[in-house]
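Descriptive structure summary
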Amino acid sequence: MDQINNIEVVPCTNSNYLKPFRVHYNQNGTKKSWDFMRTHDSVSVLIFNTTSHCFVLVKQFRPAVYMCEWERTKPQPHETAEKADEGAAEAAGPESQEGPTVPEEKNSPPQPPASAGVTYELCAGLVDKPDLSLEEIARQEVLEECGYDVPASKLRRITSYRSGVGVTGAKQTMFYAEVSDDNCVGEGGGEPQEGELIEVVKVPLHEAMTFAYDESIPKTMGVIFSFIWFHNNMSPKYKISTNV
Ligand SMILES: Nc1nc(=O)c2ncn([C@@H]3O[C@H](COP(=O)(O)OP(=O)(O)O[C@H]4O[C@H](CO)[C@@H](O)[C@H](O)[C@H]4O)[C@@H](O)[C@H]3O)c2[nH]1
Ligand SMILES: [Mg+2]
């Protein structure tokens, strides 16, 4: 289990990963504006191991998810005794540009466990290498994060879609990779020099649909969609019956 401590939230003024903007525009004669972030597009890969009949997922600590959980478990302003500060606190908000915020204030509940920020995801990565094809980026992620060496030509494109239409509008392209134990050349786990701490986890095929709809298991939409895609497109080949 990861140890998460010394948390401090500060304004993000300069990032290699996201840039906030405000766009002004006229829509059908009405003046409007919208705040959004520019980020990288991404790829994700549904990996199915034909030796063990398991899906191969990754599990990792996501700071953004953790901070959402923290916010959710914090008492609402009307529940705190600090009525006088309420207006200012509400106007500024923890993520405002006013300066650093340490979430651990008096009256705050104890810090949530690290597990509150850990999610199950498809193997995925940012499209941040302009000279590489999406397939090649996906191939590298499968190797780095999950330890399977599969040629880019064996990746089947499932579809692409917009992730986060309100905030980023970024496109994610999803692939399917069939692997066997023979393709396993390492443990995966991500690039330690990039600070990635990824756990590779297997979900048996016969448990996939229950897993997909179990709300107590935090996961991405990609996991749910791809399991259903497999169910609709590949299940006959693997002769399974699932109860959805
Ligand atoms: N975001 C960020 N902020 C930092 O401050 C920050 N500091 C370092 N990094 C580094 O950026 C790299 C990001 O890793 P990946 O290329 O594997 O991309 P993912 O984070 O897996 O994101 C994909 O998968 C997600 C799940 O399906 C989707 O939601 C995303 O759309 C999709 O891109 C890692 O080396 C990480 O150490 C940061 N990354
Ligand atoms: Mg990744």
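Before any of the text, the structure's been laid out above.
Residues numbered from 1 in each chain as written. Chains lettered and ligands numbered in written order. Predicted model: local features only at pLDDT ≥ 70, side-chain atom pairs only at ≥ 80, totals over all residues. Heavy atoms only, no water.

The pairing of strand β1 (residues 18-27) with strand β2 (residues 30-39) spans ten bridges and is antiparallel. For arginine 22, the partnering residue across the bridge sits in β2 and is aspartate 35. Count of turn residues in the β1/β2 antiparallel hairpin: two residues, of which asparagine 28 carries a positive phi of about 50 degrees. (Pairing = 2+ DSSP bridges. Helix = DSSP H or I, 4+ residues; strand = E, 2+ residues; numbered from the N terminus.)

Along the chain, asparagine 233 falls in helix α5 (residues 221-233). Within polar-contact distance, the side chain of asparagine 233 engages the backbone oxygen of tryptophan 229 at 2.8 Å. (Polar contact = N/O pair within 3.5 Å; in protein donor to acceptor, adjacent residues only side chain to side chain.)

Residues Leu46, Phe55, Leu57, Tyr176, Phe211, Phe227 and Phe230 are the most contacted members of the largest nonpolar core, which totals 22 residues. At the level of elements, β3 (42-49), β4 (54-61), β8 (171-179), β9 (198-204), α4 (208-213) and α5 are the ones that each hand at least two residues to this core. Sorting elements by how many residues they give to this core places α5 first, with four residues. Setting aside chain neighbours within four positions, we find leucine 57 in contact with Tyr120, Glu121, Leu122, Glu199, Val200, Val201, Val203, Phe211, Val223 and Phe227. (Core = buried A, V, L, I, M, F, W, Y, C linked by side-chain atoms within 4.5 Å. Buried < 20%, exposed > 50% of the residue type's maximum accessible area, 1.4 Å probe, protein only. Contact = heavy atoms within 4.5 Å.)

The environment of ligand 1 is formed by Tyr17, Ser42, Arg62, Glu121, Ala124, Gly125, Leu126, Glu141, Glu145, Gln172, Glu194 and Glu196. Glutamate 145 is positioned such that a nitrogen or oxygen atom in its side chain is 3.0 Å from an oxygen atom of ligand 1. The protein chains hide 64% of the 750 Å² of surface that ligand 1 would expose on its own. Those elements giving two or more residues to the shell around ligand 1 turn out to be β6 (123-126) and α3 (134-146). The element that contributes the greatest number of residues to the shell around ligand 1 is β6, accounting for three residues. (Near = heavy atom within 4 Å. Areas by Shrake-Rupley, 256 points an atom, 1.4 Å probe, with all protein chains shown as cover.)

A few words on a nonpolar patch on the surface. On the surface, Tyr17, Leu18 and Leu126 cluster together into a nonpolar patch covering about 280 Å² of accessible area. With respect to the helices and strands, the residue leucine 126 is situated in strand β6. For leucine 126, a relative accessible area of 34% translates into the label partly exposed. (Patch = residues over 30% accessible without salt bridge, like charges linked within 9 Å, V, L, I, M, F, W, Y side chains within 5 Å. Salt bridge = Lys/Arg side-chain N within 4 Å of Asp/Glu carboxyl O.)

Time to look at the coordination of the magnesium ion (ligand 2). Summarising the metal site, the magnesium ion (ligand 2) is bound by the protein donors Ala124 (O) and Glu145 (OE), whose distances to it range over 2.1 to 2.2 Å. You can see alanine 124 sitting in strand β6 and its partner glutamate 145 sitting in helix α3, a full 21 residues away along the chain. (Donors = N, O, S within 2.8 Å, 3.2 Å for Na, K, Ca; no water.)

Once that is clear, we can look at the side chain of serine 44. With respect to the helices and strands, the residue serine 44 is situated in strand β3. Apart from residues lying up to four places away in sequence, serine 44 is in contact with Leu122, Cys123, Ala124, Tyr161, Gln172, Thr173, Met174 and Phe175.

The subject of this paragraph is the pattern of salt bridges. Scanning all chains against the criterion turns up six salt bridges. In this structure, arginine 72 and glutamate 69 form a salt bridge, with 2.7 Å as the shortest nitrogen-oxygen distance. Residue arginine 72 and its partner glutamate 69 are both found in helix α1 (residues 63-73); the two are separated by three residues, about one turn of the helix. Within the structure, one salt-bridge network assembled from shared partners comprises Glu136, Arg139 and Asp149.

Located in the positive-phi region is asparagine 6, a residue other than glycine, with phi close to 55 degrees. Counting through the fold element by element, asparagine 6 comes out in the segment before β1. We note that asparagine 28 has phi near 50 degrees; this positive angle belongs to a residue other than glycine. Of note, asparagine 28 is situated in the loop between β1 and β2.

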